[in-house]
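In case you want the letters, here they are:
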Amino acid sequence: MALLQQRKQELISEYQIHETDTGSADVQVAMLTERINRLSEHLKGNKKDHSSRLGLLKMIGQRKRLLAYIQKQDRDRYKALIGRLGIRG
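Position numbers for residues count from 1 along each chain, tracking the sequence in the order it is written. Side-chain atom pairs in this predicted model are given and counted only at pLDDT of 80 or more, local residue features only at pLDDT of at least 70, and totals for whole chains, interfaces and linings cover all residues. Working from all heavy atoms in the structure, the side-chain values ignore hydrogens and water.

**Student:** Explanation requested: the packing of helix α2 (residues 25-45) against helix α4 (residues 75-85) in the structure shown.
**Tutor:** A packed helix pair is summarised by two numbers, namely the angle formed by the two axes and the spacing between the axes. Where α2 contacts α4, the axes come no closer than 11 Å and their chain directions differ by 25°. The angle between the axes of α2 and α4 places the two elements in the roughly parallel class. By crossing handedness, the relation of α2 to α4 is classed as right-handed. Mapping the contact onto sequence places A25, D26, V29, A30 and T33 in α2 and R77, L81 and L85 in α4. As a rule, the C-alpha atoms of each element are fitted with a line to give its axis, helices using only the stretch in contact, and angles between N-to-C directions run from 0 to 180 degrees. Where helices and strands are cited, they refer to DSSP runs of H or I of at least four residues and of E of at least two residues respectively, numbered from the N terminus. If an angle is under 35 degrees, it is roughly parallel; if it is over 145, roughly antiparallel; if it lies from 65 to 115, roughly perpendicular; otherwise it is oblique. Throughout, a crossing is termed right-handed when the near helix is turned clockwise from the far one, and left-handed when it is turned anticlockwise from it by less than a right angle. The contact criterion used throughout is that any non-hydrogen atoms of two residues lie within 4.5 Å.

Okay, structure coming up:
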């Protein structure tokens with residue numbers, strides 16, 4: 001379920017704030033969203049995989065905390081990020 005290095009680089013270059021940014025909250029949210037989407041697809045076919053479901057819930061909680069942090073820092077950046085990722089309604 002891990003992201004491939006090439007896909008990680010694509011996400012980093014797409015969501016980075018400045019040229020050398022590799023771990024800002026925006027990039028972390030984008031990577032978590034990618035992993036959440038992949039794991040959700042996996043769980044559709046493997047309904048009894050409870051350990052992966054627990055990991056999914058932990059990732060969703062982590063993403064929620066990061067999004068709350070971004071929202072508290074800069075509301076416009078938060079709205080732009082959730083719009084680009086297609087999350088939260």
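**Student:** Would you explain the nonpolar core in this entry?
**Tutor:** One recurring pattern in soluble globular proteins: nonpolar side chains tend to sit buried together. If you look at the biggest cluster of nonpolar residues, it comprises 23 residues, and the most contacted ones within it are Y15, V29, L67, L81 and L85. In contact with V29, other than residues within four places in its own chain, are R63, L66, L67, I70, L81 and L85. We define a nonpolar core as any set of buried Ala, Val, Leu, Ile, Met, Phe, Trp, Tyr and Cys residues linked to one another through side-chain atoms lying within 4.5 Å. The rule is simple: take the accessible area with a 1.4 Å probe, protein chains only, and divide by the maximum for that residue type; under 20% is buried, over 50% is exposed, in between is partly exposed.

Remember that the coordinates give geometry; whether it matters functionally is a separate question.
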